[in-house]
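Survey of secondary and tertiary structure
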Amino acid sequence: MTARRYLQLDVFAARPGAGNPLGVIVDSEGLDDAAMQAIAAWLNLSETIFFLPPDEGASYRIRIFTPKGELPFAGHPSVGAAWAAVELGLATPDDAGQLVQQCAAGLLPVRVQGGRWFRQIRVRSPQAERRAIEVPALPEGLAALAKPGHAPELWNNGPDWWLLEAGSEAALRRYQPELAAIAALPGRGKLAVFAAADRPDVGYQYVLRAFAPGVGINEDPVTGSANALVAAHLLAQGRIKPFQQYLASQGRELGRAGEVRVEVDGDSNIWIGGEVQQVISGQLQW
């Protein structure tokens, strides 16, 4: 066994316990694919990242695993990875506060603002695309939840997510997920349902819930990739525009209070970001 530095972070969280936990294996050299998968399955977090030596052009490199498989990109692991890379001295932002993350989805720009006590991270999502696929029939609860005239769409920015707009925030928060039907959806059984905030004075503009029973996660507390795809969907519909940003709320149904900052830049790229809290620091013997 080898002693490896281990962190557990809370991502998209203004305080510990509010966001989505992330396992961070700092010293991953010597671990093969099977070992990384075994560690991620044993930790049983929605995602675990493994730092590896970067290739030329990257500030740092990670691989991202769920308990059941590897992901090319995921939002909360990417935000957490950038925070950890800076905090541990694995990478130093340039004078403009920029880094480059290497992951299976390629090289992704990262922006770092602030210092050790308050550090905001933003990661540019891979380019989103809508999949051309037959729309599946929805189970009764989801059909009733859907905003009239809106059908689910399959989008991809590394992982696939079905997107469905709900008629109201209140209805979305009450929804009891039909997990067997969601798990059977094409695209590995993953669905993100979103709605505009019911009130303008709550501090966030959208609310999202993400269900991924097809990959072993009944409901994800806070999901960067799905929030980025919702923004791409809204941009394609003309409901948001370049240089706009908004705050998304996620996780309250699981006792969390996740906050995802979503931004569209001048080139119509989607950026996602938020705060990160360190909760555990120690060693993993593996």
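Rules and cut-offs
Residues numbered from 1 in each chain as written. Predicted model: local features only at pLDDT ≥ 70, side-chain atom pairs only at ≥ 80, totals over all residues. Heavy atoms only, no water. Buried < 20%, exposed > 50% of the residue type's maximum accessible area, 1.4 Å probe, protein only. Helix = DSSP H or I, 4+ residues; strand = E, 2+ residues; numbered from the N terminus. Pairing = 2+ DSSP bridges. Core = buried A, V, L, I, M, F, W, Y, C linked by side-chain atoms within 4.5 Å. Contact = heavy atoms within 4.5 Å. Phe/Tyr/Trp six-rings, centres within 6.5 Å; stacked < 30°, edge-to-face > 60°. Lys NZ or Arg CZ within 6 Å of the ring centre and 35° of its normal. 1 Å grid on protein atoms, 1.4 Å probe; cavity = no way out; pocket = protein on both sides within 12 Å on 5 of 7 lines; lining within 4 Å. Points joined across faces, edges and corners; volume = space filled by probe spheres on them. Salt bridge = Lys/Arg side-chain N within 4 Å of Asp/Glu carboxyl O.

Quick look at the pairing of strand β1 (residues 3-11)
Taken across its 9 residues, β1 has 7 buried, putting it largely inside the fold. In terms of strand pairing, β1 meets strand β18 (residues 276-285) through 9 bridges, oriented antiparallel. Along β18, the bridge assignment pairs Tyr6 with Gly282. By the bridge criterion, 6 bridges tie β1 to strand β2 (residues 20-25) in an arrangement that is antiparallel. Along β2, the bridge assignment pairs Tyr6 with Ile25.

Things to note about the nonpolar core
Ranked by size, the top nonpolar core spans 58 residues in total, and within it Val24, Phe51, Tyr60 and Tyr246 carry the most contacts. Apart from the residues lying within four places of it in its own chain, the contact partners of Val24 are Arg5, Tyr6, Leu7, Leu9, Ile49, Phe51 and Ala84.

Regarding the packing of aromatic side chains
Taken as a whole and judged by the stated rule, the model has 6 aromatic pairs. For the ring pair Phe50 and Phe65, a centre distance of 5.6 Å and an interplane angle of 90° mean the geometry is edge-to-face. Highlighted residues: Phe50 in strand β3 (residues 48-52) and Phe65 in strand β4 (residues 60-65), separated in sequence by 15 residues. For the pair formed by Phe50 and Phe65, the shared burial category is buried. With a centroid separation of 6.5 Å and an interplanar angle of 55°, the aromatic rings of Phe194 and Tyr206 are classed as tilted. Taken as a pair, Phe194 in strand β12 (residues 191-196) and Tyr206 in strand β13 (residues 206-212) lie far apart in primary sequence, 12 residues in all. A single burial state applies to Phe194 and to Tyr206, both of which are buried. Put simply, the rings of Phe194, Tyr206 and Tyr246 pair up and form one aromatic cluster. Sitting above the plane of the Trp271 ring, Arg111 keeps its charged end 3.8 Å from the centroid.

What about empty space enclosed by the protein?
Summed over the entire model, instances satisfying the criterion amount to 2 cavities of 30 Å³ or more. Taken as a whole, the largest cavity holds about 150 Å³ of empty space. Surrounding the largest cavity, 20 residues form its lining, Glu47, Leu71, Trp161, Asp220 and Thr223 being those nearest its centre. For the lining of the largest cavity, the secondary-structure elements that each account for two or more residues are α2 (75-87), β14 (217-220) and α6 (224-236).

Observations concerning the pattern of salt bridges
Inspection of every chain in the model, using the stated rule, returns 16 salt bridges. Note that Glu87 and Arg119 form a salt bridge whose closest N and O atoms lie 3.1 Å from each other. Remark: Arg119 occurs in strand β8 (residues 118-124) and Glu87 occurs in helix α2; sequence separation between them is 32 residues. Here the salt bridges do not stand alone but share partners, grouping Glu169, Arg173, Arg209, Glu219 and Glu253 into one network.

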